[in-house]
Amino acid sequence: MVVKSGSDARSTRPRMEVTTVNWGGDPERHNWRSTDKGRRRHRVGFGAHFRARERADALPKGLIEILVDPSTCRRTQRSAQRGSNSTHWARKNKFLVEALDATRPFDYEAKQMALLERQKLLKIGIVGFGNFGQFIADRFVKAGHTVLATSRTSYVDVASDMGVEFFTDVNDFAEEHPDVVVVCSSILSSETVIRSLPLQRFKRKTLFVDVLSVKEYPKKLMLKHLSPELDILCTHPMFGPDSGRDSWEGLKLMYDKVRIREGDREDVCERFLKIFRDEGCEMVEMTCEEHDKIAASTQFITHTVGRVLGKMGLETTPINTRGYDSLLNLVENTTHDSFDLYYGLFMYNKNATEEIDRLEHAFDSIRKQLFSELHGILRKEIFDDDSNANGKH
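Residues numbered from 1 in each chain as written. Predicted model: local features only at pLDDT ≥ 70, side-chain atom pairs only at ≥ 80, totals over all residues. Heavy atoms only, no water.

**Q** Explain the overall build of the protein to me, please; I cannot follow it from the model alone.
**A** What the protein contains, in helices and strands, is 13 helices and 14 strands. Counting every position in the protein, which comprises 393 residues, the buried fraction comes to 37%. Taking contacts inside the protein between residues at least 6 apart in sequence as the whole, the part at least 24 apart equals 71%. Put simply, the protein shows about 23,900 Å² of open surface, and 50% of that area lies on carbon and sulfur atoms. (Helix = DSSP H or I, 4+ residues; strand = E, 2+ residues; numbered from the N terminus. Buried < 20%, exposed > 50% of the residue type's maximum accessible area, 1.4 Å probe, protein only. Contact = heavy atoms within 4.5 Å. Areas by Shrake-Rupley, 256 points an atom, 1.4 Å probe, with all protein chains shown as cover.)

In C-alpha cells form, the structure reads like this:
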C-alpha cells in the first residue's frame, strides 16, 4: 500500500504523518514519518486502520492518492511473527482510509445523498390486504418504501402489480423482519388476527401500528398480547379509498404514541408518520380515550343518521335542493361501508351507547315540539268554532 501526496512529486514541503491504529501491540511500533524531499511513500501492512493527516505547515494542497498493490506489500512485524502470508492477510482483513483534502469523484455527494435517502426508507409489512390495506400500500410503494403483505385471502397477483411482495405464510412474512407492521384487519377480527401472528419471529424493536376507527380497544388489545419489547402506535386515518383516492392533502390522521422507545425506535416511528406528513395530511396527536369520546359524537352519529335515512329509501328528485343532495351523499357514503364496520363502531366504543340515547332523546324532543304546536292550533280552531256557534244562538 502506497500513500503519496500532491500532483508535484518534487514538492519542497514533503512532510506527511501516517498513524496506524494498533490492533493489540505497541501503537508507536506502527508510526512512520517521512521528510524526504522527493517522492513520498509510506508502506503499511494490510489489516491496519490508518488516517493520513495533512499538517498545516507541511503538505501542499493537492491530490492525495491511495494505491494498493498486494504484490509489493510487505508483511508487518506482527504478521511476520505469526508467519502469515501478506497476500492471505490482504484477503482476510479489511482496512479503512481517511484523508483530509482528498479529491472525490464528481458524483460523490449525489451518491452519498442517495444513500442517506435510502437509509430513511422503511420496510413496511401490512397484515390484512383488503381494500384499505391495498389503499395505503399503494402510497407507501410510491414513496419508495419496501412493502410486504400477508392476508387470509391470497392477493399475489394484485400485490405483484402494485410492487408489493405478498406472503401466503405469515411465518415467512415475519421472517422478513419488517421495521413496521400495520394491522389492517376489521374491528371484529382484530383480536383473532393479532393472536395468530408469530410474534416471536419479529424483531424485538418492530413497530406495530393499527388503523382502526376505534382506538381504546386496539390499544388495550396490543398492550395485552404484544411483548413489552415491541413498540405500539395507534392511528386513525380519517379517510379511506373513496375520500383519499386522488390526494391526502388536508385529510386528518389521528395518532397516539402508546409505547415508543427512545433512540432508533423513535426515529422509525417519526419516519412512518412522515409518510403522511409528506402527503399533506393534517396530523392530530391525541390519546385513544380522547379520540373515542369525540368520535362517538361525530363519526358514529354520522354513520347512524346515514343508515337511518338509508332505511327510509330516499331517492333523488327533479327538484333536489343542495341540502337534500348532501343527505343523499351521506346515505351513499355510510351505507357503502359494511355493517360490520358500523357495528364495530358501536360495540367497541363505550361512548356509542350514550350517543344513541342522546340521538333518541333529541328526536323525541323534536317530535313533542311538533305535536305540541299542532295541538295548539287544533285547540284554537276547536274553541273558536265553539265561540262562533254560541254567538249564533
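**Q** What is the right way to look at the pattern of salt bridges in this model?
**A** Opposite charge on two side chains permits them to pair, given that their charged atoms come into close proximity. The final tally for this structure, using the stated rule, is 17 salt bridges. Among the ionic pairs, Asp-138 bridges to Lys-142, the shortest N-O distance being 3.2 Å. Of this pair, Asp-138 and Lys-142 are both found in helix H4 (residues 131-142), four residues apart, which corresponds to roughly one turn of the helix. By relative accessible area, Lys-142 is classed as exposed at 64%. One salt-bridge network, held together by shared partners, links Asp-231, Arg-261 and Arg-265. (Salt bridge = Lys/Arg side-chain N within 4 Å of Asp/Glu carboxyl O.)

**Q** Looking at this model, I keep getting lost on the sheet that holds strand S10 (residues 180-183). Mind explaining?
**A** Across a sheet, strands are paired by hydrogen bonds formed along the backbone, either parallel or antiparallel in direction. Read from one edge of the open sheet, eight strands run S9-S8-S7-S10-S11-S12-S13-S14, paired in mixed fashion. Each edge of the open sheet is held by one strand with a lone partner, namely strand S9 (165-167) and strand S14 (282-285). Across this sheet, the average inter-strand angle for adjacent strands is 25°, counted without regard to direction. One ladder, built from four bridges, connects strand S11 (residues 207-210) with strand S12 (residues 231-237); its direction is parallel. Bridge assignment links Asp-210 to a residue of S12, and that residue is Cys-234. Contacting S11, S12 and strand S13 (252-259), helix H8 (residues 216-225) runs over the sheet at an angle of about 160° to S12. Helix H10 (residues 288-311) rests against S12 and S13 of the sheet, and its axis sits at about 150° to S13. (Pairing = 2+ DSSP bridges. Axes fitted to C-alpha atoms, helices over the stretch in contact; angles between N-to-C directions.)

**Q** Which parts of the structure should I look at to understand the nonpolar core?
**A** Ranked by size, the top nonpolar core spans 34 residues in total, and within it Ile-126, Phe-129, Ile-136, Phe-140, Val-180, Val-182 and Phe-272 carry the most contacts. The set of elements that each furnish at least two residues to this core consists of strand S7 (123-127), H4, strand S8 (146-150), helix H5 (156-162), S10, S11, S13 and helix H9 (264-278). Counting residues per element, this core draws most heavily on H9, which supplies six residues. Other than its neighbours up to four places away in sequence, Ile-126 contacts Gly-133, Ile-136, Ala-137, Phe-140, Val-147, Leu-148, Ala-149, Thr-150, Phe-173, Val-182 and Cys-184. Counting residues in hydrophobic clusters, the runner-up holds 28 residues, among them Phe-173, Val-193, Leu-221 and Tyr-342. (Core = buried A, V, L, I, M, F, W, Y, C linked by side-chain atoms within 4.5 Å.)

**Q** Whenever I open this one, the pairing of S7 confuses me. Can you help?
**A** Remark: a regular strand shows side chains that alternate across the two faces of the sheet. A large share of S7 lies buried, amounting to four of its five residues. As paired strands, S7 and S8 are joined by five bridges and run parallel to one another. From the neighbouring strand, Lys-123 faces S8, where its bridge partner is Thr-146. With H4 bridging S7 and the parallel S8, this β-α-β connection has right-handed handedness. Looking at chain direction, S7 and S10 are connected through four bridges and run parallel. Each bridged residue has a counterpart across the sheet, and for Ile-124 the counterpart in S10 is Val-180. (Right-handed = clockwise from strand over helix to strand, strands pointing away.)

**Q** Help me out: how do you make sense of the side chain of Glu-216 in this one?
**A** You can see Glu-216 is positioned in helix H8. Filtering out sequence-adjacent residues up to four positions away, Glu-216 remains in contact with Cys-288, Glu-289, Asp-292 and Lys-350.

**Q** I keep staring at the side chain of Asn-349 and nothing clicks. Help me out?
**A** Secondary-structure assignment places Asn-349 in the loop between helix H12 (339-347) and helix H13 (352-392). Of note is the side chain of Asn-349, whose polar atom sits 3.0 Å from the backbone oxygen of Asp-292. What Asn-349 contacts, discounting residues up to four positions off in sequence, is Val-214, Asp-292, Ala-296 and Gly-344. (Polar contact = N/O pair within 3.5 Å; in protein donor to acceptor, adjacent residues only side chain to side chain.)

**Q** Is there a simple way to think about the packing of aromatic side chains in this case?
**A** The description of an aromatic ring pair rests on the distance of the ring centres and on the angle between the ring planes. For the coordinates displayed, the defined rule picks out 18 aromatic pairs. Centre to centre, the rings of Phe-173 and Phe-202 are 6.3 Å apart; their planes meet at 75°, and the pair counts as edge-to-face. With a gap of 29 residues between them, Phe-173 in helix H6 (residues 170-175) and Phe-202 in the loop between helix H7 (190-196) and S11 connect regions that are remote in the sequence. There is no split in this pair, since Phe-173 and Phe-202 are both buried. Between the aromatic rings of Phe-202 and Phe-208, the centroid separation amounts to 5.4 Å while the plane-to-plane angle is 80°, which identifies the pairing as edge-to-face. Here the aromatic residues Phe-132, Phe-135, Phe-140, Phe-239, Trp-248, Phe-272 and Phe-276 are joined through ring pairs into a cluster of three or more. (Phe/Tyr/Trp six-rings, centres within 6.5 Å; stacked < 30°, edge-to-face > 60°.)

**Q** How should the state of the cysteines be read in this particular structure?
**A** Joining two cysteines, a disulfide is a covalent bond between their sulfur atoms. Overall, the coordinates contain zero disulfides when judged by the stated rule. Considering cysteine sulfurs only, Cys-234 is the nearest to Cys-288, which forms no disulfide, with 3.9 Å between them. Its relative accessible area of 0% is what places Cys-288 among the buried residues. (Disulfide = S-S within 2.5 Å.)

**Q** Can you walk me through unusual backbone geometry in this structure?
**A** Generally, phi is negative for residues other than glycine and the peptide bonds are trans, each holding for most cases. The phi torsion at His-177 lies on the positive side, around 55°, for a residue other than glycine. The residue His-177 is located in the loop between H6 and S10 in this model. Classification of His-177 by relative accessible area gives partly exposed; the value is 32%.

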